[in-house]
Structures are given as C-alpha cells and as structure tokens.
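Single-letter residue listing:
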Amino acid sequence: MSNSTYKLYYSPGSCSMAIHVLLNEVGANFSLENTSIKEGKNKSEEFLKINPRGQVPALAEDGKAMLEGGAILTYLADKHNSPLLPKDGWARAQALQWLMFCNSTLHPAYSRCFWLNRSTEAGKEAFLAKAAEWVNRLWQDVEAQLQNQPYLCGNECTLGDILLTVIANWSTNVPLPITIGPKTRALFSRVIARPAYQKALATEQVEYKMAS
C-alpha cells in the first residue's frame with residue numbers, strides 16, 4: 001500500500017464524497033478540508049490557489065493537485081490496487097464506461113436542473129421540465145442495466161456504483177419529481193451499507209434519502 005498522504009478538498013454530499021468513500025475503502029492516509037459550496041468556502045483565496053475554477057473535488061498530494069473527479073477516482077483505485085476498478089480488459093472498460101456515465105452524463109444533467117431552478121429567465125419552467133425529463137431517462141437506463149445483476153458491471157461493486165449512489169442523493173433538490181426504479185434503489189442500499197460509505201456519511205454529516 002502507498003505511504004502517500006492526501007488532502008481532499010470536499011463539499012458535503014457533493015461528487016467529492018465518492019473520493020472520500022474510496023479513500024476510506026483503500027485505507028489511505030488523508031486529511032479533509034471542508035470547502036463547502038453552500039457556505040462559499042470554495043471561493044476562498046486559499047482554495048482558488050488549488051483550483052482557480054472554485055470547484056470540488058480537489059486532491060492534493062506531495063505539493064501537486066488533481067482536480068477532475070473521474071481522474072482522481074481512477075488514479076487512486078489504480079495506485080492502491082482497489083478491486084473497485086478492474087485492472088484490464090473488458091471488465092475495466094465497462095467499469096470506466098459507467099464511471100464516465102456518472103461523471104460526464106448524469107452529473108451534468110443534475111447540474112443543468114439546479115442551474116435552471118436558480119434562473120430568473122422567463123419560460124424557465126419548460127426548460128426545467130425538459131431537463132428533469134432527461135434525468136429520469138438516464139435513471140431508466142440504469143434500471144435497465146440492473147435487471148439481471150446487483151451492480152452496474154455485474155456482481156461486484158465498482159467506482160461507478162459509488163459515484164452513482166452519491167449523485168442520486170441530489171434528487172431531493174430537484175423541484176420536479178425524479179423517478180428511480182426499485183433495482184436501482186436496492187443498489188444504493190447495498191452501496192451505502194459499505195463501512196467506507198457509512199464513515200463518509202457520518203464525517204460529512206449527510207443523510208442518505210434515496211435507498212430502498
């Protein structure tokens with residue numbers, strides 16, 4: 001196991017929680033810096049030196065910083081030899097596909113809903129309805145993937161399952177109904193039952209609301 005010490009800049013309940021969970025999973029040495037977006041801590045002078053975009057997550061190691069969640073998760077899983085990311089072949093490709101689905105498709109879909117909800121533009125309700133409809137379509141795709149298996153890539157939990165579970169908990173902040181199927185909610189129950197996830201929830205003081 002690596003002797004590296006990490007510092008994770010996070011905002012409670014945000015996508016950075018997936019990295020927090022993974023650091024717990026691999027038994028890494030790390031510290032946490034609460035960079036709450038809600039409280040505006042992500043705009044502090046100190047944090048903007050780490051990430052000028054003011055976004056979490058950010059992971060510091062040996063005077064260097066990595067900023068993109070998908071890259072951080074992949075890097076840590078590989079470095080610490082985590083079973084949450086297969087090493088090669090089709091299994092790795094599938095695990096990366098679903099991780100990128102969460103990071104690059106589902107996450108922005110939720111972000112669009114949040115942005116539209118804050119907008120003061122005329123006619124935003126119609127655009128928000130379309131955005132929420134797309135989120136629901138993505139959850140239908142997830143439910144279909146889980147028809148004959150407990151996790152996105154089969155019988156074992158991977159990084160995509162962790163990030164998927166984190167993102168799902170944002171659904172209560174969307175002002176229109178988000179429908180998530182029973183097999184998907186059962187996946188959330190399995191993922192949040194992992195000790196590493198429970199520890200992250202307790203540390204960040206986040207209540208999980210989307211499990212079955």
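The structure reproduced in this document is the subject of the present report. Quantities reported herein were computed from a predicted structural model and do not represent experimental measurements.

1. So, the overall build of the protein
Here's step 1: What the protein contains, in helices and strands, is eight helices and four strands.
Here's step 2: Taken from N to C terminus, the helices and strands of the protein fall in the order β-α-β-α-β-β-α-α-α-α-α-α.
Here's step 3: Radius of gyration (C-alpha) of the protein: 17 Å, near the 17 Å computed for a compact globule of 212 residues.
Here's step 4: With respect to the three principal axes, the spread of C-alpha positions in the protein is 50 × 45 × 30 Å.
Here's step 5: Working note: accessible area of the protein is about 10500 Å², and carbon and sulfur atoms make up 52% of it.
Here's step 6: Both charge centroids of the protein, one from 21 positive and one from 19 negative side chains, sit 2 Å from each other.

2. Concerning empty space enclosed by the protein
Here's step 1: In this structure the tally under the stated criterion is one cavity of 30 Å³ or more.
Here's step 2: Lining the largest cavity are C15, S16, A18, I19, P57, G69, G70, L73, N103 and L163.
Here's step 3: Taken together, the elements giving at least two residues each to the lining of the largest cavity come down to α1 (16–25) and α3 (69–79).
Here's step 4: Of the residues in the lining of the largest cavity, the class split is six nonpolar, four polar and no charged.

3. Quick word on the pattern of salt bridges
Here's step 1: One pass over the full model with this rule turns up eight salt bridges.
Here's step 2: When the shortest N-O distance is used, the salt bridge between K7 and E33 registers 3.6 Å. Of the two residues, K7 is situated in strand β1 (residues 5–10) and E33 in strand β2 (residues 29–34); the sequence distance between them amounts to 26 residues.
Here's step 3: Judged by its relative accessible area of 25%, K7 is partly exposed.
Here's step 4: Accessibility expressed as a relative area gives 27% for E33, which makes it partly exposed.

4. Describing unusual backbone geometry
Here's step 1: Along the chain, V56 connects to P57 via a cis peptide bond; the corresponding omega equals 5°.
Here's step 2: Counting through the fold element by element, P57 comes out in the loop between α2 (45–50) and β3 (58–61).
Here's step 3: A positive phi angle, close to 55°, is found at N81, a residue other than glycine.
Here's step 4: Within the secondary structure, N81 is located in the loop between α3 and α4 (89–118).
Here's step 5: Even without a glycine there, the phi angle at Q205 is positive, about 55°.
Here's step 6: Residue Q205 is classed as exposed on the basis of its relative accessible area, which comes to 71%.

5. Considering the packing of aromatic side chains
Here's step 1: Enumeration over the complete set of coordinates arrives at eight aromatic pairs.
Here's step 2: Plain terms: the ring middles of Y110 and W170 are 6.0 Å apart, the flat faces sit at 85° to each other, and that makes the pair edge-to-face. Within this pair, whereas Y110 is found in helix α4, its partner W170 is found in the loop between α6 (159–168) and α7 (182–192), the two being separated by 60 residues in sequence.
Here's step 3: Under the relative-accessibility criterion, Y110 is labelled buried at 0%.
Here's step 4: Residue W170 is classed as buried on the basis of its relative accessible area, which comes to 10%.

6. Some remarks on the pairing of β3
Here's step 1: Residues A58 and A60 line one face of β3 and the alternating positions L59 and E61 line the opposite face, and both faces are buried.
Here's step 2: Sheet topology places β1 next to β3; four bridges connect them, and they run antiparallel. Each bridged residue has a counterpart across the sheet, and for L8 the counterpart in β3 is L59.
Here's step 3: Sheet topology note: the β3/strand β4 (residues 64–66) ladder contains three bridges and is antiparallel. The residue of β4 that forms the bridge with E61 is K64.
Here's step 4: Adjacent in sequence and paired antiparallel, β3 and β4 are bridged by two residues, among which D62 carries a positive phi angle near 55°.

What counts and what doesn't
Residues numbered from 1 in each chain as written. Predicted model: local features only at pLDDT ≥ 70, side-chain atom pairs only at ≥ 80, totals over all residues. Heavy atoms only, no water. Helix = DSSP H or I, 4+ residues; strand = E, 2+ residues; numbered from the N terminus. Rg over C-alpha atoms; globule rule 2.2 N^0.38 Å. Areas by Shrake-Rupley, 256 points an atom, 1.4 Å probe, with all protein chains shown as cover. Lys, Arg positive; Asp, Glu negative; His and termini not counted. Charge placed at Lys NZ, Arg CZ, Asp CG, Glu CD. 1 Å grid on protein atoms, 1.4 Å probe; cavity = no way out; pocket = protein on both sides within 12 Å on 5 of 7 lines; lining within 4 Å. Points joined across faces, edges and corners; volume = space filled by probe spheres on them. Nonpolar A, V, L, I, M, F, W, Y, C, P; charged D, E, K, R; others polar. Salt bridge = Lys/Arg side-chain N within 4 Å of Asp/Glu carboxyl O. Buried < 20%, exposed > 50% of the residue type's maximum accessible area, 1.4 Å probe, protein only. Phe/Tyr/Trp six-rings, centres within 6.5 Å; stacked < 30°, edge-to-face > 60°. Pairing = 2+ DSSP bridges.

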